[in-house]
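Per-entry structural report
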Amino acid sequence: MTPPRRRPAGAALVPLVLLPLLLLAGCSDDPQETYCAAVEEHQAELTEVAASDDAAAVFDALAAYDDLAALAPRDVADDWAAVVEPLHALREVLEEHDVDPSTYAATRPPAGLGDAARDEIEAAARDVGAQRTVEAMAAVEQHALDVCGTPLSR
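Summary of the structure given here. (Residues numbered from 1 in each chain as written. Predicted model: local features only at pLDDT ≥ 70, side-chain atom pairs only at ≥ 80, totals over all residues. Heavy atoms only, no water.)

**Some thoughts on the layout of surface pockets**
Rolled over the atoms, a probe with the dimensions of a water molecule shows which regions are left empty. Taken as a whole, the largest pocket spans an internal volume of roughly 470 Å³. Lining the largest pocket are 27 residues, with Ala55, Val58, Tyr65, Leu87 and Val128 sitting closest to its centre. Going through the elements one at a time, helix H2 (31-51), helix H3 (57-60), helix H5 (74-96), helix H6 (115-128) and helix H7 (131-148) are the ones with two or more residues in the lining of the largest pocket. Partitioning the lining of the largest pocket into residue classes produces 22 nonpolar, three polar and two charged. (1 Å grid on protein atoms, 1.4 Å probe; cavity = no way out; pocket = protein on both sides within 12 Å on 5 of 7 lines; lining within 4 Å. Points joined across faces, edges and corners; volume = space filled by probe spheres on them. Helix = DSSP H or I, 4+ residues; strand = E, 2+ residues; numbered from the N terminus. Nonpolar A, V, L, I, M, F, W, Y, C, P; charged D, E, K, R; others polar.)

**Describing unusual backbone geometry**
Excluding glycine, residues mostly carry a negative phi; peptide bonds, for their part, are mostly trans. Here the phi dihedral of Asp98 falls at roughly 55 degrees; this positive angle occurs in a residue that is not glycine. Its place among the elements puts Asp98 in the loop between H5 and H6. Given the relative accessible area of 72%, Asp98 is considered exposed. (Buried < 20%, exposed > 50% of the residue type's maximum accessible area, 1.4 Å probe, protein only.)

Structure representation (structure tokens):
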């Protein structure tokens, strides 16, 4: 039977000395604080979009939404994804079929828009208005208010 190996007395202190340094290095940039600063930074823009009567105004908010989604803390990241992904999909299908979102109406689609294109646009629009997307938007709005102390828009 071999005797247990003993570490030098100073070896146990190394992790204890390094631990505070590692903790400080990890906390130097608070993601929550960064996210909340971005919420405040985008608030005026998002307020303007929310007040718009133009149906396409939501696409003006997409860059801000993308920024917030990229910075979102884990507890709200999935909700941000549920908001931005359907918006991107709708914008892509509208662009693919060269349809202006400001003037599109399902009851009066643009001349020359085929049934298949119309079906794609309508499906993408339904995803934007789906319960999951609406609930996710409510969740990110509530999170901004609760955690950051400021709404996404005023």
